[in-house]
Amino acid sequence: MTKILIVEDEQPILTGLRDNLEFEGYEVETADNGTDGFRKISNEEFNLVLLDVMLPGMSGLEICKQARKKGIEVPIIMLTARSEELDKVLGLELGADDYITKPFSLRELLARIKAILRRTARKGNQADQSSYVTIGLLSVSFDDFDALSGNEQVKMSHKEFEILHYLYKNAGRIVSRDDLLDAVWGLDYQPTARTIDNFILRLRSKIDTPATQHIITVHGIGYKLVL
Ligand code: CA
């Protein structure tokens, strides 16, 4: 059953949302202050969280930020009473999936909830949690030689997978070009350092965002993958 947590301190809104979501067939859990809300998000499994911004105890923005910091990936829709653009952006930068400004229509909220649940269900199906790891923009399964960016398949050659896998196994450590040569190409064929650099360039173009570089060049030595 799909379980939704509502964290909202205004009782009429909380009750209204709970009744309507239960009517839609969702299992609903509630918290009327930030402290309780954060505890529930931390300790229980939910499919989605509706999170008010202004809460006694701990603000919704803080809850969102702390939850993401702890690695909790539950989809979060922020409910904000303040319509300033900044609040919305803040909410999103803190790792929220969506936001909706009060007063909102129930129909719109339900549509957003359904859209997010559909999205996560699809991701869940394609990216079986056990075998996929996140590296920059990509979800990668080294077992299946599969790479996804969002729900889109990303083309990667066998060698690119092997190089990335080796870097991943050694994440946080410096890997020399010689290490890569031995691990990926073995003894029968030795590509030039330039070839390796080109593979790295191609991998970077698939993994990195403009703001973050995950494969770091260690000059004169090799590379380091930073997750
Ligand atoms: Ca509030």
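That block above? That's the structure.
Here is a short report on the structure shown in this document.

Calculation rules
Residues numbered from 1 in each chain as written. Predicted model: local features only at pLDDT ≥ 70, side-chain atom pairs only at ≥ 80, totals over all residues. Heavy atoms only, no water. Donors = N, O, S within 2.8 Å, 3.2 Å for Na, K, Ca; no water. Helix = DSSP H or I, 4+ residues; strand = E, 2+ residues; numbered from the N terminus. Buried < 20%, exposed > 50% of the residue type's maximum accessible area, 1.4 Å probe, protein only. Core = buried A, V, L, I, M, F, W, Y, C linked by side-chain atoms within 4.5 Å. Contact = heavy atoms within 4.5 Å. Axes fitted to C-alpha atoms, helices over the stretch in contact; angles between N-to-C directions. Parallel < 35°, antiparallel > 145°, perpendicular 65-115°, else oblique. Left-handed = near helix turned anticlockwise from the far one by under 90°.

1. Here we look at the coordination of the calcium ion
For the calcium ion, every protein donor is listed as D9 (OD), D52 (OD) and M54 (O), and the spread of their distances is 2.1 to 2.3 Å. Binding-site remark: the calcium ion is held by donors from one chain whose sequence spacing is D-x42-D-x1-M. Taken as a pair, D9 in the loop between β1 (3-7) and α1 (11-23) and D52 in strand β3 (residues 48-52) lie far apart in primary sequence, 43 residues in all. Its relative accessible area of 30% is what places D9 among the partly exposed residues. In this structure D52 comes out as buried when scored by relative accessible area, which is 2%.

2. Things to note about the nonpolar core
Among the nonpolar cores identified, the biggest contains 25 residues, and I135, V140, I163, L164, L167 and I215 are the most heavily contacted of them. Broken down by secondary-structure element, the contributors of at least two residues to this core are β6 (132-135), β7 (138-141), α6 (158-169), α7 (177-185), α8 (193-207) and β12 (222-225). Looking at this core, the element that brings in the most residues is α8, giving 5 residues. Residues in contact with I163, not counting those within four places in the same chain, are L180, V184, W185, F199, I200 and L203. Grouped together as the second largest cluster of nonpolar side chains are 21 residues, V7, M58, L61 and L94 included.

3. Describing the packing of α6 against α7
Two numbers describe how α6 lies on α7: the axes approach to 10 Å, and their chain directions differ by 125°. With respect to α7, the axis of α6 lies oblique. The handedness of the crossing between α6 and α7 comes out as right-handed. Judged by residue contacts, K159, E162, I163 and Y166 of α6 engage D179, L180, A183, V184 and W185 from α7.

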